[in-house]
Amino acid sequence: MRVDRLPFDELPEATRQAIADRVGQDCPRAEVENGTSSALASLFWPSESDTEMVFVKGLPLDHERIGELQAEAAVNPHLPASAPRMLWQQEAGGWLLVGFEGANASAWAWFGDDSDHLEPIAAVLRELSRHPAPKEVRLTPWERWGAYCDPADEPLLTGDRLVHSDPAASNFMVERSGRMWMIDWAWAMRGPAWIDTALWGMRLVLDGKQTPEQAAAWARTVPAFAAAPREAIVVLTEAEARSWEAWQAYGMTELEETIKATRAWARYWATP
């Protein structure tokens, strides 16, 4: 469900004041257009701060998606260096506000086969595949994809590594220096080390218009994925395709391109 944005000036006065107390009164700001999970998403440039930019996300405490922002705040101290660090969190005016270090970066990465972003992203995924899941992360891949699998397949989707679970192009940002950021950790999971790379491969097909063969070549540059049982990859990619088909059956529109990509990626791994 997409969250409607609320203009900063329409926030409760106590919420606006809490932000001003953190970044400075009349601090320059810019609204962030991309993203669908926060009612507030703004970049601030504090004049007196050790941080050049501060990105503030916020939701009303009674919003049905508040748990996602709380989960993102809880996991942040345990994330790898590719994730922007959380600076503070605060409740004010009936809202939860979370401040992260801002990044002078692109809005999202480019996933085309000729992109300079692919190797830095693969490096981020290699690092992530070695990162253990902290105790704060309890969500598992089985909770997300198990309904689309045979019950006997659960061990194939079980592990103890930190999983981002949504490596879409919009969740990577690239600084001019070349540094790659992986953002939006609300759906962090505890699972096998190869899952993010498997999902990234599908996104290379969908977001980057790559062929499954091209996407698979990039995915195999991540050792955890290259060593993963093909049976497990088949289970996950098939479940991902079925999940999007289910959303379409429930009435979600404009999914044809996504379903075509997920089905092509699943078919590639299912073919001997």
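Predicted model, so just to flag it, every value in this text is computed and none were measured.

Focus on the overall build of the protein
Right, so step 1: Helix and strand counts for the protein stand at nine helices and nine strands.
Right, so step 2: Each principal axis of the C-alpha distribution contributes one length, and for the protein these read about 60 × 40 × 35 Å.
Right, so step 3: Here the protein, with 272 residues, has 51% of them falling under the buried criterion.
Right, so step 4: By sequence separation, contacts in the protein at least 24 residues apart represent 69% of the contacts at least 6 residues apart.
Right, so step 5: Put simply, the protein shows about 13,200 Å² of open surface, and 50% of that area lies on carbon and sulfur atoms.

Here's the deal with helix H1 (residues 13-23)
Right, so step 1: Regarding H1, the residues found buried are Thr15, Ala18, Ile19, Ala20 and Val23.
Right, so step 2: Buried residues in H1 make contact with strand E2 (40-44), strand E3 (54-60), strand E4 (86-92) and strand E5 (95-101).
Right, so step 3: Taken from the residues just after H1, Gly24 is the one with a positive phi, measuring 110°.

Section: the packing of helix H5 (residues 195-206) against helix H8 (residues 230-249)
Right, so step 1: Running from N to C, H5 and H8 cross one another at 55°; their axes reach a closest spacing of 10 Å. The pairing of H5 with H8 is recorded here as oblique in orientation. The two elements H5 and H8 meet at a crossing, and its hand is right-handed. In contact with Ile195, Ala198, Leu199, Met202 and Arg203 of H5, H8 contributes Leu236, Glu240 and Trp244.
Right, so step 2: Tallied by class, residues from the contact of H5 with H8 come to six nonpolar, no polar and two charged.

Brief notes about the environment of Glu143
Right, so step 1: Examined against the element boundaries, Glu143 turns out to sit in helix H4 (residues 141-145).
Right, so step 2: With 17 residues separating them in the primary sequence, Glu143 and Asp160 have C-alpha atoms 15 Å apart.
Right, so step 3: A distance of 3.0 Å separates a polar atom in the side chain of Glu143 from the backbone nitrogen of Thr140.

Topic: the nonpolar core
Right, so step 1: Ranked by internal contacts, the top residues of the largest apolar core, which has 53 residues, are Phe111, Leu157, Trp185, Trp194 and Trp200.
Right, so step 2: Non-local contacts of Phe111, meaning those with residues more than four positions away in its chain, are made with Leu118, Ile121, Pro167, Ala168, Ala169, Phe172, Trp200, Arg203, Leu204, Asp207, Gly208 and Gln210.
Right, so step 3: Membership of the second largest hydrophobic core comes to 27 residues, among which are Phe8, Leu69, Ala73 and Leu96.

Regarding the layout of surface pockets
Empty pockets left among the atoms are what a rolling probe the size of a water molecule brings to light.
Right, so step 1: Put simply, the second largest pocket is a space of about 180 Å³.
Right, so step 2: The wall of the second largest pocket is formed by 13 residues, among which Phe8, Arg16, Ala20, Gln25 and Asp26 lie closest to the centre.
Right, so step 3: Among the elements that line the lining of the second largest pocket, the one with the most residues is H1, at six residues.
Right, so step 4: Residue classes in the lining of the second largest pocket are distributed as six nonpolar, three polar and four charged.

Some details on the pairing of E5
Right, so step 1: In terms of residue burial, E5 counts as a mostly covered element, since seven of its seven residues are buried.
Right, so step 2: Across six bridges, the pairing between E4 and E5 is antiparallel. If you follow Ala92 over to E5, its bridge partner there is Trp95.
Right, so step 3: Counted along the chain from E4 to the antiparallel partner E5, the turn is two residues long, and its residue Gly93 has a positive phi close to 65°.

About the thresholds
- Residues numbered from 1 in each chain as written.
- Predicted model: local features only at pLDDT ≥ 70, side-chain atom pairs only at ≥ 80, totals over all residues.
- Heavy atoms only, no water.
- Helix = DSSP H or I, 4+ residues; strand = E, 2+ residues; numbered from the N terminus.
- Buried < 20%, exposed > 50% of the residue type's maximum accessible area, 1.4 Å probe, protein only.
- Contact = heavy atoms within 4.5 Å.
- Areas by Shrake-Rupley, 256 points an atom, 1.4 Å probe, with all protein chains shown as cover.
- Axes fitted to C-alpha atoms, helices over the stretch in contact; angles between N-to-C directions.
- Parallel < 35°, antiparallel > 145°, perpendicular 65-115°, else oblique.
- Left-handed = near helix turned anticlockwise from the far one by under 90°.
- Nonpolar A, V, L, I, M, F, W, Y, C, P; charged D, E, K, R; others polar.
- Polar contact = N/O pair within 3.5 Å; in protein donor to acceptor, adjacent residues only side chain to side chain.
- Core = buried A, V, L, I, M, F, W, Y, C linked by side-chain atoms within 4.5 Å.
- 1 Å grid on protein atoms, 1.4 Å probe; cavity = no way out; pocket = protein on both sides within 12 Å on 5 of 7 lines; lining within 4 Å.
- Points joined across faces, edges and corners; volume = space filled by probe spheres on them.
- Pairing = 2+ DSSP bridges.

That is the geometry; function is a separate question.
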